[in-house]
Amino acid sequence: MPGTGPAERSAPGAAPALVVLAVMVAWLGLRLPFQLPAAAASVPADLVKFEAALRVAPARLVEVAAGITPAMVEILRQQADGDPVVVYGPATPEAEAWVRLMFERLKNLTYPNPREFAYALGVDGPQGLARLVTQANENRLLVLDYSQSQAELPIAAQFDEVGRGLHVRFWKLRKAARR
Amino acid sequence: MTLGFGELAWVLGSPMLLGLFALRAVGIRPSDDRIACLGWAWMLGCLALGLLLFGWLHLGVPAWLWWTAVPFGAIAIGLLAAQPRLRPMRARLAPPPFDPWFTGFVVVGLAWCVLQVGAGMSWPCIEGDEGNIWSLKAKSLLLDPLSSGFAEAQRHNLHPDYPMLNPFLQAWVNAGRDQLLHFENRLLVQCCGIALFLALAGALRSRLPGWLAGLLSLVVLLEPEFTGQCRLAYADGMVALGMLVAWDAWLRGREQGRLAWRWLAAAGLAFALWSKNESLMYAAASFGGLLLGALIHPPAARGLHLRSIACLSLPALVVVLQAWFNRMHGLQNDLLGANPSGRTLTELVVTQFDERAPVVAARGADMVFSLHASHGVFALLLLAPLALPLRCFSRELAGLTFMLLASLVGVHLVYVGSFLDLDFHLGTSHARVLFQLVPLAMLWFACLARGLLGTATAGAQTVTTHRPDAPPEPRRDAEAPAT
């Protein structure tokens, strides 16, 4: 074999070397009975995805994969042109993962407009919505409410509902404290 | 897919063209390894394109004129390739003969990789690390390149200081379309997964019989972490590619004594260093491993080693450029204390060691001894030095063995000293980050297996004589005469 010098051939004999090598190769090859069926099973679904990537419009792919429609992006950009946006949900472990995921998706999809994105879990506390409901944000702050509640936002402030999307309602802060 | 055929050809053809020129400039010919050379060319092309765009950005060239980097780069690299001292030299060792079965396997493997790339393009690049780190930085490069807006856009990014090659490759696609894309922007990064497969297949085939090289390549090809690198815009596959090429070329250089391999090794290291921060640790482990190896087996001649130092200018350049970029934008490293805990990695390792080390070790053992993952090659890495110490720490392998063992420990220490919740951190990145070392560990195993196969072959013949069909004994640690 290339690069095998006489000195390196003087160690163990042929049979032990082959046995050691066979054991090591078998250890690595043991993965294939698990990997091959899984790979074969994934091919049809991957072909469908490949075809979708070629034929389906990007906006539709985003809607299916991320739950963000072009209409939602339109509302977001109209209502928060240069203004802060917060993705809101209740402070429960189940909601937190979803809220953070939608925050990431929306922030990255719409960058650079709007730029100022945050997320809020519940009303009070360091991550609560209340920290953003300030006089400075009146007529600016847009809340994307993923609580899926039909009620108004649970905070003492005046909001206008300015739109709806997939599992979300859009609220614009008008007055930081209700009259 | 919004890119037309012409746009696709331009986006993908540009780095390939630059890479082929760069390969020539380095002094490597396609005949040195007809399979791996395509992977090497892609890697070199992406590195060259990234460096050119870095220069264009800081020279104030607007994004719509970034295409000019390609003809400029092609001419510059072409002039470099025309320098007589860098012309390709005759290979001292013959490349492996054409193997139709292995070539067929590589073609099928390529089709598998293309399927993964295509399937990945149905998923928008807007979440996880690829959305929050890599593609966001790529967008910021076009929108806020030299303003405070760049750092401001990274404020939700846990790793704002990550290297810029991946974002530059994505920004190249966006700039070509003059639009922020959320699917095709990944293309060049995804193709690094394909290049990884080609570089690995070539590296294994040059050391092993076709059936064994194919088996080992297949184990990596079907690994979910590998297919993930072909689907998404993570930089872990780029690190794996760079480190594999660096060590493959280094080892070929030791056997063949050509300075060209040292340049390719340096380019591989530079590519890895500009891809993700783990590479700094791997580079340190590599130099430490080589130093230890040299202490065990002192090199016979120093000429090539001294000349190799010039090759280090390339990795040094990307490290300096990245440090300068981070300093300019005020981007800090979380391991050095820029994290919510305010403590450095070292401080966290000390305070969290007792609590976390057993959990991390158990998770590592689970991964290494699992039958489902290609990471099982690390089990051989851990056990073989006990069973075959002379082979694992031979002149050829000692440096790589030390490097891999140190890197394996280093990766796990990062989890011990992580400021993140341990379950979250391990669950989201452990298998992916460890995969950075899997192709390199396969190369290590190939070298070990070659030695064992050589013993078996020699045992069947006369121990002190060469096989009639064996190539000439390679010169070690010496420069080959130019021909």
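As the structure is a computational prediction, the values presented were derived from the model and not from experiment.

What counts and what doesn't
- Residues numbered from 1 in each chain as written.
- Chains lettered and ligands numbered in written order.
- Predicted model: local features only at pLDDT ≥ 70, side-chain atom pairs only at ≥ 80, totals over all residues.
- Helix = DSSP H or I, 4+ residues; strand = E, 2+ residues; numbered from the N terminus.
- Rg over C-alpha atoms; globule rule 2.2 N^0.38 Å.
- Buried ≥ 20, exposed ≤ 12 C-beta atoms within 10 Å, placed from the backbone.
- Contact = placed C-beta atoms within 7 Å.
- Axes fitted to C-alpha atoms, helices over the stretch in contact; angles between N-to-C directions.
- Parallel < 35°, antiparallel > 145°, perpendicular 65-115°, else oblique.
- Left-handed = near helix turned anticlockwise from the far one by under 90°.
- Nonpolar A, V, L, I, M, F, W, Y, C, P; charged D, E, K, R; others polar.
- Domains from an automatic or database assignment.
- Pairing = 2+ DSSP bridges.
- Expected span 1.5 Å × (residues − 1).
- Right-handed = clockwise from strand over helix to strand, strands pointing away.
- Arc of directions from axis to C-beta.
- pLDDT = per-residue confidence, 0-100.

**Notes on the overall build of chain A**
Next, step 1: Helix and strand content of chain A: five helices and five strands.
Next, step 2: Counting helices and strands in the order they occur from the N terminus, chain A gives α-α-α-α-β-α-β-β-β-β.
Next, step 3: The C-alpha atoms of chain A give a radius of gyration of 28 Å, which is well past the 16 Å a tight globule of 179 residues would have.
Next, step 4: Each principal axis of the C-alpha distribution contributes one length, and for chain A these read about 90 × 40 × 30 Å.
Next, step 5: Counting only residues that meet the buried cut, chain A has 33% of its 179 residues in that class.

**Focus on the overall build of chain B**
Next, step 1: Along chain B, the regular secondary structure elements total 21 helices and zero strands.
Next, step 2: In terms of overall size, chain B behaves like a compact globule, its C-alpha atoms giving a radius of gyration of 22 Å where 483 residues would be expected to give roughly 23 Å.
Next, step 3: Taking the principal axes of the C-alpha coordinates as reference, chain B spans close to 70 × 55 × 40 Å.
Next, step 4: Counting over 483 residues, chain B shows a buried share of 54%.
Next, step 5: Within chain B, counting contacts between residues at least 6 apart in sequence, those at least 24 apart form 80% of the total.

**Re unusual backbone geometry**
All names here are of chain A.
Next, step 1: The linkage connecting Tyr 111 with the following residue, Pro 112, adopts the cis geometry, with an omega of 15°.
Next, step 2: Along the polypeptide, Pro 112 turns up in the loop between helix H5 (93-110) and strand S2 (117-121).
Next, step 3: A cis geometry characterises the amide bond from Asn 113 onward to Pro 114, with omega recorded as 0°.
Next, step 4: For Pro 114, the location among the structural elements is in the loop between H5 and S2.

**Considering the environment of Asn174(B)**
Residue and element names in this part refer to chain B.
Next, step 1: Position of Asn 174 relative to the elements: it lies in helix H7 (residues 165-177).
Next, step 2: Assessed through the 23 C-beta atoms surrounding it within 10 Å, Asn 174 is described here as buried.
Next, step 3: Residues Asn 174 and Val 11, 163 residues apart in the sequence, show an inter-C-alpha distance of 9.8 Å.
Next, step 4: With residues up to four places along the chain from it excluded, the contact list for Asn 174 reads Ala 138, Leu 142, Gln 179, Leu 180, Leu 181 and Asn 185.

**With respect to the packing of helix H16 (residues 345-368) of chain B against helix H19 (residues 398-416) of chain B**
Residue and element names in this part refer to chain B.
Next, step 1: For the pair H16 and H19, the least separation of the axes is 6 Å and the interaxial angle reads 115°. Between H16 and H19, the angle is such that the two are roughly perpendicular. The handedness of the crossing between H16 and H19 comes out as right-handed. Counting all contacts with H16, which are made through Leu 345, Val 349, Gln 352, Phe 353, Arg 356, Ala 357, Val 360 and Gly 364, the residues of H19 involved are His 412, Leu 413, Val 414, Tyr 415 and Val 416.
Next, step 2: Its residues assigned to classes, the contact of H16 with H19 shows nine nonpolar, three polar and one charged.

**Considering the domain arrangement of chain A**
Next, step 1: As far as domains go, chain A holds domain 1 (14-55) and domain 2 (68-175).
Next, step 2: The distance between the C-alpha centroids of domain 1 of chain A and domain 2 of chain A comes to 45 Å.

**Quick word on the environment of Gln179(B)**
Next, step 1: Mapped onto the elements of the fold, Gln179(B) is located in the loop between H7 and helix H8 (187-205).
Next, step 2: Separated by 37 residues in sequence, Gln179(B) and Leu142(B) have C-alpha atoms that sit 9.5 Å apart.

**Quick word on the sheet that holds strand S5 (residues 168-175) of chain A**
In a beta sheet, neighbouring strands are held together by backbone hydrogen bonds and run either parallel or antiparallel to one another.
Residue and element names in this part refer to chain A.
Next, step 1: The strand order across the open sheet built from five strands is S2-S1-S3-S5-S4, with neighbouring strands paired in mixed fashion. In this open sheet, the two edge strands, each paired with only one partner strand, are S2 and strand S4 (158-165). Averaged over all adjacent pairs, the angle separating strand axes in this sheet is 25°, with direction ignored.
Next, step 2: In this sheet, S5 lies alongside S4 in antiparallel orientation, the contact comprising seven bridges. Paired with Gly 165 across the strands is Val 168, a residue of S5.

**Here's the deal with H19(B)**
Next, step 1: Taking 1.5 Å of rise per residue, 19 residues should cover 27 Å, and H19(B) covers 27 Å from first to last C-alpha, within 8% of that figure.
Next, step 2: Ala398(B), Gly399(B), Leu400(B), Thr401(B), Phe402(B), Met403(B), Leu404(B), Ser407(B), Val411(B), His412(B), Tyr415(B) and Val416(B) are the residues of H19(B) that are buried.

**Re the pairing of strand S1 (residues 85-89) of chain A**
Moving residue by residue along a regular strand, the side chains alternate between the two faces of the sheet.
All names here are of chain A.
Next, step 1: The buried fraction of S1 amounts to five of the five residues, a majority that puts the element mostly inside the structure.
Next, step 2: Both faces of S1 are covered, namely the face carrying Val 85, Val 87 and Gly 89 and the face carrying Val 86 and Tyr 88.
Next, step 3: Of the pairings in the sheet, the one linking S1 to S2 comprises five bridges and is parallel in character. Across the sheet, the residue bridging to Val 87 is Tyr 119, located in S2.
Next, step 4: Running through H5, the crossover from S1 to the neighbouring parallel element S2 is right-handed.

**Things to note about helix H3 (residues 69-81) of chain B**
Residue and element names in this part refer to chain B.
Next, step 1: With 13 residues, H3 extends 18 Å from end C-alpha to end C-alpha; this agrees with the ideal 18 Å at 1.5 Å per step.
Next, step 2: Within H3 the residues assigned to the buried category are Ala 69, Val 70, Gly 73 and Ile 77. Around the axis of H3, the buried residues are gathered within 90° of arc, so they sit on the same side. Seen from the buried face of H3, the exposed residues on the opposite side, beyond 90 degrees, are Pro 71, Ile 75 and Leu 79.

**Here we look at the confidence of the model for chain B**
Regions with low pLDDT carry predicted coordinates that are not meant to be interpreted in detail.
Next, step 1: For chain B, the mean per-residue pLDDT works out to 89, and 90% of the residues sit at or above 70.
Next, step 2: As scored by the predictor, the complex reaches a pTM of 0.91 and an ipTM of 0.87.

**Quick look at the packing of helix H1 (residues 5-26) of chain B against helix H2 (residues 36-58) of chain B**
Residue and element names in this part refer to chain B.
Next, step 1: At a minimum axis distance of 6 Å, the contact between H1 and H2 shows a crossing angle of 105°. Taken together, the axis directions place H1 and H2 in an arrangement best described as roughly perpendicular. Each of Ser 14, Pro 15, Met 16, Leu 17, Leu 18, Gly 19, Leu 20, Ala 22 and Leu 23 in H1 lies in contact with H2, whose residues at this interface are Cys 37, Trp 40, Ala 41, Trp 42, Met 43, Leu 44, Gly 45, Cys 46, Ala 48 and Leu 49.
Next, step 2: Within the contact of H1 with H2, the residues separate by chemical class into 16 nonpolar, three polar and no charged.

**Thoughts on the pairing of strand S3 (residues 142-145) of chain A**
Residues and elements named next belong to chain A.
Next, step 1: Along S3, one buried face is formed by Leu 142 and Leu 144 and the opposite face, lined by Val 143 and Asp 145, is buried too.
Next, step 2: Of the strand pairs in this sheet, S1 and S3 are connected by four bridges, and their pairing is parallel. Paired with Tyr 88 across the strands is Asp 145, a residue of S3.
Next, step 3: In this sheet, S5 lies alongside S3 in antiparallel orientation, the contact comprising four bridges. Across the sheet, residue Asp 145 finds its bridge partner in S5, namely Arg 169.

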